[in-house]
Amino acid sequence: KSTCEDGGPNLTEQQIESVLEQFETKIFVWEKERTKRPEAKSVMLTANDPGAYNAIKPLISKLMENEQCGSLTVLISGVAEQSFQTDFGSRFAQIRKGESLLSDIISTADKIKPNIIITTMNSINSPDGIALFAGKSNLGAEKLFIILESWGQTLREPFLKNTNNLDRVDGIFCNDDIAKEMFLRRLPDDFPYEHIYTTGTPVLDALEIEKAEEYRKELRTKMGIDKKTHIIAYLGDISSENRRVYQTSEKINEITLQNTLIAIKTAAENNPDEMFVVLTRPHPRDPNKDEFYEIAKNFPLPKNLRIKDGAKFEDNTPMTIKQVVYGADTIMSIASTENLLAPFRGRKAIFLGYADGKNLGDKVLQQIYGEKAIEAIKEKNT
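Residues numbered from 1 in each chain as written. Predicted model: local features only at pLDDT ≥ 70, side-chain atom pairs only at ≥ 80, totals over all residues. Heavy atoms only, no water.

## Points about the sheet that holds strand E9 (residues 230–235)
Strands in a sheet are paired, the pairing made by backbone hydrogen bonds, and the direction either parallel or antiparallel.
Move 1: Strand order in this open sheet of five strands is E11-E10-E9-E12-E13, and the pairing throughout is parallel. This sheet does not close on itself; its edge strands, each paired only once, are strand E11 (305–309) and strand E13 (348–351). Across the sheet, the mean angle separating the axes of adjacent strands is 20 degrees when strand polarity is ignored.
Move 2: Sheet analysis places strand E10 (residues 276–281) next to E11, joined by five bridges and oriented parallel. Residue pairing across strands places Thr280 opposite Asp309, the latter belonging to E11.
Move 3: Each of E9, strand E12 (330–333) and E13 touches helix H14 (residues 337–345); the most contacted strand, E13, lies at about 155 degrees to it. (Pairing = 2+ DSSP bridges. Helix = DSSP H or I, 4+ residues; strand = E, 2+ residues; numbered from the N terminus. Axes fitted to C-alpha atoms, helices over the stretch in contact; angles between N-to-C directions. Contact = heavy atoms within 4.5 Å.)

## A few points about the nonpolar core
Move 1: Grouped together as the largest cluster of nonpolar side chains are 32 residues, with contacts concentrated most on Tyr234, Leu261, Val278 and Tyr369.
Move 2: When residues in this core are grouped by element, the largest group, five residues, is from helix H11 (residues 252–270). (Core = buried A, V, L, I, M, F, W, Y, C linked by side-chain atoms within 4.5 Å. Buried < 20%, exposed > 50% of the residue type's maximum accessible area, 1.4 Å probe, protein only.)

## Things to note about the environment of Ile307
Move 1: Its location among the elements puts Ile307 in strand E11.
Move 2: Sequence separation of Ile307 and Ile232 is 75 residues, and the distance between their C-alpha atoms is 9.5 Å.

## Looking at the packing of aromatic side chains
Move 1: Under the defined criterion, the tally for this structure stands at nine aromatic pairs.
Move 2: Seen from their ring centres, Phe84 and Phe88 are 5.6 Å apart, and the 35 degrees between their planes marks the pair as tilted. Of this pair, Phe84 and Phe88 both sit in helix H3 (residues 78–88), four residues apart, which is roughly one turn of that helix. Like Phe88, Phe84 is buried.
Move 3: Taking 5.9 Å as the distance between ring centres and 5 degrees as the angle between the ring planes, the aromatic pair formed by Tyr215 and Tyr326 counts as stacked. With Tyr215 in helix H9 (residues 212–223) and Tyr326 in helix H13 (residues 321–327), this pair connects stretches of sequence that are 111 residues apart.
Move 4: An aromatic cluster is defined as three or more aromatic residues linked by ring pairs; in this entry it consists of Phe28, Phe84, Phe88 and Phe92.
Move 5: Against the face of Tyr326 rests Arg345, its NZ or CZ located 5.0 Å from the ring centre. (Phe/Tyr/Trp six-rings, centres within 6.5 Å; stacked < 30°, edge-to-face > 60°. Lys NZ or Arg CZ within 6 Å of the ring centre and 35° of its normal.)

## Notes on helix H2 (residues 50–65)
Move 1: Spanning 16 residues, H2 covers 23 Å between terminal C-alpha atoms, matching the ideal 22 Å at 1.5 Å per step.
Move 2: Bending of H2 peaks at approximately 25 degrees at the position of Ile56, with proline Pro58 no more than four residues after it. (Expected span 1.5 Å × (residues − 1). Bend = angle between axes of the 7 residues up to and from the residue.)

## Some words on the side chain of Asn115
Move 1: Summarising the element assignment, Asn115 is placed in the loop between helix H4 (101–111) and strand E5 (116–119).
Move 2: Looking at Asn115, the relative accessible area reads 14%, which means it is buried.
Move 3: Apart from the residues lying within four places of it in its own chain, the contact partners of Asn115 are Ala40, Lys41, Ser42, Ala141, Glu142 and Lys143.

## What about the pairing of E10?
Move 1: Taking burial as the measure, the six residues of E10 include six buried ones, the bulk of the element.
Move 2: Side-chain alternation along E10 places Phe276, Val278 and Thr280 on one buried face and Val277, Leu279 and Arg281 on a second face that is also buried.
Move 3: Relative to E10, E9 is paired through six bridges, and the arrangement is parallel. Bridge pairing in E10 places Ile231 opposite Val277.

## Section: the sheet that holds strand E8 (residues 196–198)
Move 1: Spatially, the eight strands line up as an open sheet ordered E4-E1-E3-E2-E5-E6-E7-E8, and their pairing is mixed. This sheet does not close on itself; its edge strands, each paired only once, are strand E4 (93–95) and E8. If you compare each strand with its neighbour and ignore which way they point, the axes differ by 25 degrees on average.
Move 2: As paired strands, strand E1 (residues 26–31) and E4 are joined by three bridges and run antiparallel to one another.

If you want it as structure tokens, here you go:
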């Protein structure tokens, strides 16, 4: 068994292996019958985070239907891999033959050499790095494209600081001029700006706006919340990552939740004839979920305000993000992509940029967006 000097739980080697296996990068392959179209192209896609997966999911579906696509190789990890397994697991074969991920990638690339690689640019520990630094030089891809699926990815620093080592990128696709402006601010001066295109995002295709009322009814019915109650979806962040990237408070996520609940409590007390429910939904990768939930659990409430779990229902079944954001009237977070998607969904969004000298959300928003983009966001959300 492993030992923990800080008094944490001991884990068996089998338990550690299980955790690592759950979040490790995996390889999945789908291939058409080559005799039908031998000249068809092979495409590789990568993702790790939920937002990145939302961007590549519709691409995977379309490519599987496209006659010019002969095979798909998906390098995927983390929360994205779990969603991929649900959506496509039965149609893809997992490749796991060698002693390491690298040997599996090499053997896969040798069998199905990717002509085109489509990657995202999210977490540090993600398969994106394989695509960006080795997609052409090692795997032999002819074209390399990046999809920036949000309006302000927060973890690009390791890539942007090593642009000299990147394989040559043939195109970067972003949502709109706001997203382009955010990204341009962080690129080195010699980056070829003409390779950045504003094309919209597949994420918008996956919003399922036509099912908005269905998702709204599902959530409220399962939770016993009537139509008149104002639901606020609070989407949590990860304190440790914000601390590392933006030098914020070590407890930015927890302090922000506390401050926000105080503000909502005041609003409820000032409107005693209205009912309010706050759905607290921690970030899927937050290692400090227990403290997040503890703050919500112990917060003193007026009679017209309730706080409920925004990750699972009372019967312990998972609550989907679409049920949450469509079931809610207002979306709150420091800088979640869901804030920027809220207007498309017909919802109001609030960026939690507290400025109280404790390095909270104001510091994050200034570094991600900058004044010009913040003004554009304000105009978009009014």
